[in-house]
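# Architecture and fold: a report
Here is how the chains run, residue by residue.
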Amino acid sequence: MNIFNFKGFVCSLLFILIPCLSIGQSYNLNKSWEELGPYKKPDTKYESSAAGIGPVEFIRVNQNIKGYLLAGSLSGGLFYSTDGGENWKNSGSDKWNYSGCVWADFHPVNGDTWFAVSHHDPHGSSPGYSKDHGGLFRTFDKGATWNRVFSNRTGEYDPYLKIYSTRFHPTDPDKLYILTSSGVFYTKNCNARNIYWEKLPNVQGNVFDMDFIFGYMYISNEFKGKWYLTKIDQENYLDQTSLKHIDELEWTISKMTMTLRGDNLLLLFSYKERSGEIHEYVIKEDSLKLFVRGQRNTFGDGNNFNVPRHNPNYIYVGNGIYMKKYNFETKRMMTLSRDHHVDIEYIEFDPFDTSKVYLCTHGGVYISEDQGESWESKSKGIGIAEICGMSVSATDPDHIAIGTYHDGSSLRADFNKDGNYFWRTVNGGDGLKNLIHPENPAILYTSNQYTSGGLHFSVDSGRTKINLHRLYKVQNSGWELDAALDPQNNDIVYFNFKETNDFNKGNINICRSLSPHNAESVDVLSDFKSSHKLESYKVYRIFFSEYYPDELIAYVLHFTKDEAGNALTKHRLFKCPNVNVSKEEILNSWIEIEHPENNWVADVDRHPKKDNVNFIAYGAGYNGEVVGWNDKRMIYLLKYKGDKLKSSKDITKNIPNSNTGGYNLIVSDKNGGQIFFATRRGVYFAEKKMLSGKRSWTKLGDNLPHCKVGGLIYNKEHEVLTVGYFGRGIW
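Just so we're clear, the structure is a prediction, and the values are computed from it rather than from any experiment.

Calculation rules
Residues numbered from 1 in each chain as written. Predicted model: local features only at pLDDT ≥ 70, side-chain atom pairs only at ≥ 80, totals over all residues. Heavy atoms only, no water. Pairing = 2+ DSSP bridges. Helix = DSSP H or I, 4+ residues; strand = E, 2+ residues; numbered from the N terminus. Core = buried A, V, L, I, M, F, W, Y, C linked by side-chain atoms within 4.5 Å. Buried < 20%, exposed > 50% of the residue type's maximum accessible area, 1.4 Å probe, protein only. Contact = heavy atoms within 4.5 Å. Patch = residues over 30% accessible without salt bridge, like charges linked within 9 Å, V, L, I, M, F, W, Y side chains within 5 Å. Areas by Shrake-Rupley, 256 points an atom, 1.4 Å probe, with all protein chains shown as cover. Salt bridge = Lys/Arg side-chain N within 4 Å of Asp/Glu carboxyl O. Lys, Arg positive; Asp, Glu negative; His and termini not counted. Charge placed at Lys NZ, Arg CZ, Asp CG, Glu CD. Phe/Tyr/Trp six-rings, centres within 6.5 Å; stacked < 30°, edge-to-face > 60°. Lys NZ or Arg CZ within 6 Å of the ring centre and 35° of its normal.

For the rest of this paragraph, the subject is the sheet that holds strand β14 (residues 198-199). Remark on secondary structure: sheet strands pair via backbone hydrogen bonds, oriented parallel or antiparallel. Across the sheet, which stays open at both edges, the four strands sit in the order β11-β12-β13-β14 with antiparallel pairing between neighbours. In this open sheet, the two strands that pair with only one neighbour each are β11 (163-168) and β14. Of the pairings in the sheet, the one linking strand β13 (residues 183-187) to β14 comprises two bridges and is antiparallel in character. Within β14, the residue paired with Tyr186 across the bridge is Glu198.

This part covers the nonpolar core. Among the nonpolar cores identified, the biggest contains 46 residues, and Ile59, Leu78, Leu136 and Trp197 are the most heavily contacted of them. If one sorts the elements of this core by residue count, strand β7 (residues 101-106) sits on top with five residues. Leu136 has contacts with Phe115, Ala116, Val117, Asn147, Arg148, Val149, Phe150, Ile163, Thr166, Leu176, Ile178 and Trp197, leaving out every residue within four places of it along the chain. Counting residues in each nonpolar core, the second largest holds 20 residues, with Ala484, Val556, Ile586 and Trp590 among its members.

Moving on, we come to a positive patch on the surface. Taken together, the side chains of Lys609, Lys610, Lys639, Lys641, Lys646, Lys649, Lys688, Lys689, Lys694 and Arg695 present a region of like positive charge at the surface. Elements represented by at least two residues in the positive patch include exactly β49 (635-641) and β50 (644-650). Relative to the elements of secondary structure, Lys610 occurs in the loop between β47 (601-606) and β48 (613-618). Overall, Lys610 belongs to the partly exposed group, its relative accessible area being 43%.

Scanning the entire structure with this criterion turns up 41 aromatic pairs. Plain terms: the ring middles of Tyr540 and Tyr555 are 5.7 Å apart, the flat faces sit at 90 degrees to each other, and that makes the pair edge-to-face. Of the two residues, Tyr540 sits in strand β43 (residues 537-543) while Tyr555 sits in strand β44 (residues 552-561), which places them 15 residues apart along the sequence. Members of the aromatic cluster, joined through ring pairs, are Tyr68, Tyr80, Trp96, Phe106, Trp114, Phe137 and Trp146. For the cation-ring pair, Lys325 lies above Tyr314, with the distance from its terminal atom to the ring centre recorded as 4.8 Å. Here the guanidinium or amino end of Arg424 rests over the ring plane of Tyr46, the centre of that ring lying 4.7 Å away.

Counted according to the given criterion, the structure contains 27 salt bridges. With its nearest N and O atoms 3.1 Å apart, the salt bridge here joins Asp121 to Arg680. Of this pair, Asp121 sits in the loop between β8 (114-118) and β9 (135-139) while Arg680 sits in the loop between β52 (674-679) and β53 (682-687), and the two are 559 residues apart along the sequence. Just as Asp121 is buried, Arg680 falls in that class too.

Moving on, we come to the sheet that holds strand β37 (residues 454-458). On the basis of which strands lie adjacent, the open sheet formed by four strands has the order β35-β36-β37-β38 and antiparallel pairing. One side of each edge strand has no neighbouring strand; the edge strands of this open sheet are β35 (435-436) and β38 (466-467). Where β35 lies against strand β36 (residues 444-448), two bridges are found, and the strand directions are antiparallel. Counted as the bridge partner of Ile436 is Leu444 from β36.

The quantities given are spatial measurements derived from coordinates; they are silent on function.
Here it is, written out as structure tokens:
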């Protein structure tokens, strides 16, 4: 059992604080956290459409050592395998300040030397900015130690630098190229203690791809909205030719990537106006030939196509949700087996086994032993679930529900009643908020965001489900979906929905179900257009506090304009003082709660004993120059006089400035008062004097990854603390 137990020194992926006999109430706070996953594909007995362990961006296959692999996740980091993908281990990226990994590769000669790219956060499903702590890292010892060798301060400082990938020179293994949003950088000695970097001349903008053939490098780049395919002499970088065929294409390019096919280049074009195409650039003829139309390259940033080096008569390509194979001899496109996750990111081939194909998807790594005719999930040890919401049973802290980006909602439970807990996918899509009934853990609420999704209610741990949005004929609120159980009556659930009536069309409000089995029992509880004159808004989060169970807090995104007419989002909080009244009374009772920052609200909680004190956590710290050591603006203690904010105190203190995430603040009345606060730099704890802002924080454990937080839950009865990360699953 993966638990860290207050009472019993039980270690698990949950963290449990352990009381020690000392003056006052102190805890052993230095124990390691343990991982609960999911770190292999969840069981799919109930649902199989989107089961997985999280999105894998790329895979690299060592060309000299059989079975030696690297695989990376934009949010979760870098992993390696020495047995052909049967088992994976974290490479040490959990210790990077930003754990997400854009790209990695083996040194062509020394397999113990790796280069890997870290970034702050993904931009959708694409690489993000390097920022202060990202860049290119190097290890000489298989990830035991890393050092940064390139950053956004290499050369001129570039706060918006992105690194896309690296390439080694085909004949000089010490020469390494870095493809960035600001051109190509290179070094002549990538193994040097202090690497000297130079920049390729006349190559500007976003460089997405590079290949080498016949003594030339070919570069795909975009600069000021225009795409270029440039041919550069490998020995004379000033000898450059921009290939004009690109300008002759009929459609507007949105992405261009390439791969070698024998003596030629295959180019995959994604277009803004229509589906993409695959062309072959015949180098000796200097001509461009169309081969395949209708390419729907939804994912992969153009990296989801490749040609086997041992058989250039085929192209493997991810087309929408399908893996396809094009035969150059028959000019036919064949659809391959669908027994893999539907979102395809990257394709690679094994240099030792001509039948083996590696596939990176949003559900992990899949491997085919028969050239794509069948696939098997091979992700054991890659725990990169992107947690968007989570819930832990009040009666059993090992019983956990999660909503994950790309991989639906899953439940970790003792399904067979034999003491063996495992993960099972209970609905597909992109999973969001989950709720477990405090008294009966078989009662489960899960959610997903797509058009036919919504909040799902189950009385049998997800085996059967009722879609409450459909039942009540209200529209799903999409990515903004949130829900909360009534603290006093756990059979009542509050959730948000998108309005379809003309007056409030497009706005997101709150409703309440008094009975999940009764289609007549839904109450609409908010209308901020009528009550507070908000024309355009979304109720983004719903908060209850166990200490003031009558009160409901709504976090509202208010879309308006500033004085100059520019779009402006205001982050507003509203309170319903008493939910135990009629829906008509609730509609007219909302009071705005002032708070100090117009910033994304991560979480809100109340003081256990003082009704005029709130705590608020924001999604990120102060982004500018930090004025003082404690001026980081991530978490505040707020005092109110009536409905007005009397004072606000930044109590971030010694917590390092970083992004935080969401659902990441807990105020407990246990042992005289405690606060738990999770950020991408760790989980922090303070005792009762922090309830008045007088104490600093203590970090819990030292081995957590550095990812955004997707949830933090404290089980007071069992004294178990559970944290979920967007990119590294449950700990």
